[in-house]
Amino acid sequence: MNNLVIFPGQSSSEIYLSNPSSFREAKEAAHCLKNGQLLLVNLENLSPKSAQRISNYLAGCTNSLCGEYTEVGNGVYLFAPQTFPIVKQSKY
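Each value, and the rule that gives it
Residues numbered from 1 in each chain as written. Predicted model: local features only at pLDDT ≥ 70, side-chain atom pairs only at ≥ 80, totals over all residues. Heavy atoms only, no water. Helix = DSSP H or I, 4+ residues; strand = E, 2+ residues; numbered from the N terminus. Contact = heavy atoms within 4.5 Å. Phe/Tyr/Trp six-rings, centres within 6.5 Å; stacked < 30°, edge-to-face > 60°. Buried < 20%, exposed > 50% of the residue type's maximum accessible area, 1.4 Å probe, protein only. Pairing = 2+ DSSP bridges.

Caption draft 1: Focus on the side chain of glutamine 37. Relative to the elements of secondary structure, glutamine 37 occurs in the loop between helix H1 (23-34) and strand S2 (38-42). Ignoring any residue separated from it by four or fewer positions in sequence, one finds glutamine 37 in contact with Glu14, Cys32, Phe79 and Pro81.

Caption draft 2: Main features of the packing of aromatic side chains. Applying the stated criterion across every chain yields a total of 3 aromatic pairs. Members of the aromatic cluster, joined through ring pairs, are Tyr69, Tyr77 and Phe79.

Caption draft 3: A look at the pairing of strand S4 (residues 76-80). Taking burial as the measure, the 5 residues of S4 include 5 buried ones, the bulk of the element. Here S4 shows no split at all, with Val76, Leu78 and Ala80 on one side and Tyr77 and Phe79 on the other all buried. When S2 meets S4, the two strands line up antiparallel, connected through 4 bridges. Note that in S4 the partner of valine 41 across the bridge is tyrosine 77. Where strand S3 (residues 68-73) meets S4, 5 bridges bridge the pair, whose relative direction is antiparallel. Pairing of glutamate 68 across the sheet is with alanine 80, part of S4.

So yeah, pure geometry; function would need other evidence.
Given below as structure tokens:
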């Protein structure tokens, strides 16, 4: 492991994983986003209506923080605060 490079000023961060079963749990997850953590949310086991409501709420929270979000899988979303830009790989 001698090939690791330390970047001054960079700090490790936490990723908060959430499987909300209610809107109240989604509100709790949004607090992590507001505290500067990455938020990975799995909504695939919810009804389409509940999943849409929660994803819209978290997207709004993310937008208000000037962050970004993307769907990374079927019903799985990554919400990132402004300090963590999401870089998407271009398709060839």
